[in-house]
Each structure stands twice: as C-alpha cells, then as structure tokens.
Amino acid sequence: MSHSDATAARVASRRRALLAGLVALVWLTDAGVAHWLRRQGQAVPEWPLAVDLLLVLPLAATLLLRPEGRTALWAALGLASLGIAAGAWMLPEADKRWWHALEQMRWLGLGAVLVMQGSLLALALRELWLAPAHLHPEPVLQQALARRLGRGPGQALLLAEARLWLYAWPGRQVQRPLDAGLPFGAWRQGQNLSNQHAFLVLMAVELPIAHGLLRLWSPALAWTVTALSLYGLLFAWAESRATRWRPISLFNDCLQLREGVLLDVALPLSCIAAVERLEGPVARQRGRWRLAGMGRCNLRLRLHTGTRLPGLTGWHEVHEICLGVDEPARLMAALTQRLENR
C-alpha cells in the first residue's frame, strides 16, 4: 500500500471513529434524559428525539463519510433506521403519538435488505450461467460486481455476500482451480472441514426443535428466529464449500489469503518479514489475524511494522498472520524461496 493510500485509510478510520463516538454520545444523552423525565413523572417529547436520531446523526454520517461515496448514504440510512428503533425503546408507549408510524417503516428496511439479497443471488446465478466453462465463476462475479457498483469501501462486504450465494448454490461450477497461483488447501488441517460439517448437522437438528419451543411462547418470534437460523445454516453450508474450494494461492509478488467466503486479501510478499512453524493454540491479539477456520494454526507470518491490510470493515494494521494450511512445510519452503529471490 502506498503512502497516500495509507494516509487516506488513516483519515477514513478517524472519521468513522469520530462518527461512532458521536452516535454513542447522542444515544446515551437522549436515553439518560428520557429516563430522567420518566422518573420525574413527565412526558418524554418526541420531536427532540426525532431531531437527534433522524436528522443530526444521519447528517453527521453524510458529512463525515462524504469522501467514501455510497458508504455515506448507506450509513445515513442505517443510522436513521437504528434511530427509529432506539426512539421506540426510549419513548414510553403513553408518550408515542406519531412514532408508531415511524416504527412501521422498519418494514421498508427489511424490504431493502431482501431486495439487496435477491439482487446478489440473481447476479451470482447469472454469472454461474454465463461464465465460460474454463473459467472459475468467482473472478467473473467479482468483475461483474465491480462494473455495477464500482470499487467503494463497501465492496468487500457486498462481494463476500455475493460469494455466499455463489458457494451456497449446489453446483459443481466452483469445483475447479480458482486462479493460476500455487494452491495450498486449508480444509484438512485440524479436521477443519469435518468440524464444519459436524456443526452443520447440529444446526440442522436444533432448528426445528428451537422453532417448536419458541412457537409455544410467540409464533412471530419463532418465525423470526427460524428465518435468521436458516440464513445462518445457509452461510455455514457456503462457508464449508468455500473452505474446500477456495485455497490460499502463492504468486510471484503476493500471497492470496482466503478463508471461507469472507476473506480474500492479497498480501504483498514485500510485507513479510519472516515465516516460521507454529505449534499449539494462538491467543487473540490486536494486530494478529488467525486464519484457520475450525482447525488449528500451524504457520506464522511476521509482517513488517506498519503493514495495513483491507478487511470487511476497512483497513487494519496487522503485524502477524497465523495460518492453518494442510501442507505447512511446503508453503513455508515456497514462501522462503520467493522471499530469498526478491
């Protein structure tokens, strides 16, 4: 990453942190004032909450995130939707006059989510159908998504969602080499894929039981939880297929890191300071990535100071990556050779 890109990433990170702090401050203040008014036996007025939650915070998101294009719009809409839910919680039922009408707008948000998911599914199926037989559909899908939505900060999240639908589709189109790099699988280490399949079975068995028990209490809640559980089950199925068919790839200038449907990051070889074997569990730590799925890490990549890598939520400073691969000795030898030849 160039110096200008690193500076832009730091500025964007500070803007998001400022927005998060502002949202927390406004929400806590409004909730505290509303609680104090209720304890005093006074009515909680709706219009100050509406100004703060539906105008000030979305406008702040638009101004702070304006350089990020569509992200600013989505952030403003998301904050407005969350503001409606927060206001419904802060306001007593007796003080709600027109807030009930705002609460009905949550169905618009749900509709938007369903439309987005449907669009990504349709795009994934279209690329599966039209992709040439000799090409893997994932790069084709990535190019199609970039053409339609551009390369904004939210593209990584949308692409991960599109990959979910691509690998959830029970076809064999993804069962082929993903790229021209030297592949290193990660599905056998630590029984990674077997553990994922066992988790899938447990989820499938638990789902109807949980639905029946929740239905005794609230049918609406039962169907809501079941719908979310079905989506989780679909995600777990796609994740297991991606674990099998999305290997880590080594190129002359980078190591393409992949984990399930979520991660796809090109790590420049110039960022790697050392490669070493790893035994035993690895604790969570700031600046450390653990990429082993439901298996075990067996290889450590120490990175140069100041290395920043893109994730689903933006750029992050990373000093160490712990990998779980099926052939750690082979990847270590290949990486060491590439690093020595640079």
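Residues numbered from 1 in each chain as written. Predicted model: local features only at pLDDT ≥ 70, side-chain atom pairs only at ≥ 80, totals over all residues. Heavy atoms only, no water.

(A) Structural detail: the overall build of the chain. From N to C terminus, the chain includes 10 helices and 10 strands. In the chain, the proportion of contacts linking residues at least 24 apart, taken out of those at least 6 apart, comes to 66%. (Helix = DSSP H or I, 4+ residues; strand = E, 2+ residues; numbered from the N terminus. Contact = heavy atoms within 4.5 Å.)

(B) The arrangement of the sheet that holds strand β5 (residues 272-277) in detail. On the basis of which strands lie adjacent, the open sheet formed by 4 strands has the order β5-β7-β10-β6 and mixed pairing. Among the strands making up the open sheet, the edge pair consists of β5 and β6 (288-291). Taken over all neighbouring pairs, the strand axes of this sheet differ in orientation by 15° on average, direction set aside. In terms of strand pairing, strand β7 (residues 299-303) meets strand β10 (residues 320-323) through 4 bridges, oriented antiparallel. Pairing of arginine 302 across the sheet is with glutamate 320, part of β10. (Pairing = 2+ DSSP bridges. Axes fitted to C-alpha atoms, helices over the stretch in contact; angles between N-to-C directions.)

(C) Spotlight on unusual backbone geometry. Here the phi dihedral of glutamine 191 falls at roughly 55°; this positive angle occurs in a residue that is not glycine. Positionally, glutamine 191 belongs in the loop between β1 (182-184) and α8 (192-217). The exposure class assigned to glutamine 191 is partly exposed, which follows from its relative accessible area of 48%. (Buried < 20%, exposed > 50% of the residue type's maximum accessible area, 1.4 Å probe, protein only.)

(D) Summary view of the packing of aromatic side chains. Summed over the entire model, instances satisfying the criterion amount to 0 aromatic pairs. Above the face of the tryptophan 245 ring, arginine 244 is positioned so that its terminal group lies 4.2 Å from the ring centre. (Phe/Tyr/Trp six-rings, centres within 6.5 Å; stacked < 30°, edge-to-face > 60°. Lys NZ or Arg CZ within 6 Å of the ring centre and 35° of its normal.)

(E) Representation of the environment of leucine 262 in the model. By secondary structure assignment, the location of leucine 262 is in the loop between β3 (254-259) and β4 (263-268). With residues up to four places along the chain from it excluded, the contact list for leucine 262 reads Ala160, Arg163, Phe235 and Leu312.

(F) The arrangement of α8 in detail. Counted at 1.5 Å a residue, the expected span for α8 with its 26 residues is 38 Å, and the 37 Å between its end C-alpha atoms agrees. Its axis deflected by about 30° at glutamate 206, α8 carries its strongest bend there, up to four residues before the proline proline 208. Taken together, the buried positions of α8 are Asn192, Leu193, Gln196, Leu200, Met203, Leu207 and His211. The secondary structure elements touched by the buried residues of α8 are α9 (219-245). (Expected span 1.5 Å × (residues − 1). Bend = angle between axes of the 7 residues up to and from the residue.)

(G) Representation of the environment of tryptophan 99 in the model. Along the chain, the position of tryptophan 99 falls in helix α4 (residues 99-103). In the structure, tryptophan 99 is positioned 14 residues away from alanine 85 in sequence and 10.0 Å away in space, judged by C-alpha atoms. Filtering out sequence-adjacent residues up to four positions away, tryptophan 99 remains in contact with Glu46, Leu49, Ala50, Leu54, Gly83, Ile84, Gly87, Ala88 and Leu91.

(H) Layout of the packing of α8 against α9. At a minimum axis separation of 9 Å, α8 and α9 run at an interaxial angle of 175°. The pairing of α8 with α9 is recorded here as roughly antiparallel in orientation. Here the contact of α8 with α9 is composed, by residue class, of 16 nonpolar, 9 polar and 3 charged. (Parallel < 35°, antiparallel > 145°, perpendicular 65-115°, else oblique. Nonpolar A, V, L, I, M, F, W, Y, C, P; charged D, E, K, R; others polar.)

(I) Spotlight on the pairing of β4. The alternating pattern of β4 places Leu263, Val265 and Leu267 on a buried face and Asp264, Ala266 and Pro268 on a face that is not buried. Both β3 and β4 contribute to a ladder of 6 bridges, which runs antiparallel. Along β4, the bridge assignment pairs leucine 257 with valine 265.

(J) Quick look at the nonpolar core. Ranked by size, the top nonpolar core spans 25 residues in total, and within it Leu255, Leu267, Leu301, Ile321, Leu323 and Leu335 carry the most contacts. If you list the elements that add at least two residues to this core, you get β2 (248-250), β3, β4, β5, β6, β7, β10 and α10 (328-340). With residues up to four places along the chain from it excluded, the contact list for leucine 301 reads Leu255, Leu267, Ala274, Val275, His319, Glu320, Ile321, Leu323 and Leu335. Counting 22 residues, the second-largest nonpolar core is a separate cluster that includes Val23, Leu65, Leu79 and Trp99. (Core = buried A, V, L, I, M, F, W, Y, C linked by side-chain atoms within 4.5 Å.)

(K) Just the side chain of threonine 307, in detail. Along the chain, threonine 307 turns up in the loop between β7 and β8 (308-311). Reaching out from threonine 307, the side chain makes a polar contact with the backbone oxygen of histidine 304 at a distance of 2.7 Å. For threonine 307, the residues in contact, after removing those within four places along its chain, are Cys271, His316, Glu317 and Val318. (Polar contact = N/O pair within 3.5 Å; in protein donor to acceptor, adjacent residues only side chain to side chain.)

(L) Structural detail: the sheet that holds β1. As summarised here, the arrangement of the 4 strands in space is β1-β2-β3-β4, forming an open sheet in which the pairing is antiparallel. At either end of the open sheet lies a strand with only one pairing partner, and these are β1 and β4. Shown here is a sheet whose adjacent strand axes are inclined to one another by a mean of 20°, direction ignored. In this sheet, β2 lies alongside β1 in antiparallel orientation, the contact comprising 3 bridges. Note that in β2 the partner of leucine 182 across the bridge is leucine 250. Lying over the sheet, α10 contacts β1, β2 and β3, oriented at roughly 145° with respect to β1.

(M) Representation of the pattern of salt bridges. Per the stated rule, a full pass over the model turns up 15 salt bridges. Across the pair glutamate 276 and arginine 302 runs a salt bridge, and its minimum N-O distance is 3.0 Å. Here glutamate 276, found in strand β5, pairs with arginine 302, found in strand β7; they are 26 residues apart in sequence, far enough to count as distant. Residue classification places glutamate 276 among the partly exposed residues on the basis of a relative accessible area of 25%. For arginine 302, a relative accessible area of 34% translates into the label partly exposed. Taken together, the shared-partner salt bridges in this structure form one network comprising Glu138, Arg163, Asp179, Arg246, Arg258 and Asp264. (Salt bridge = Lys/Arg side-chain N within 4 Å of Asp/Glu carboxyl O.)

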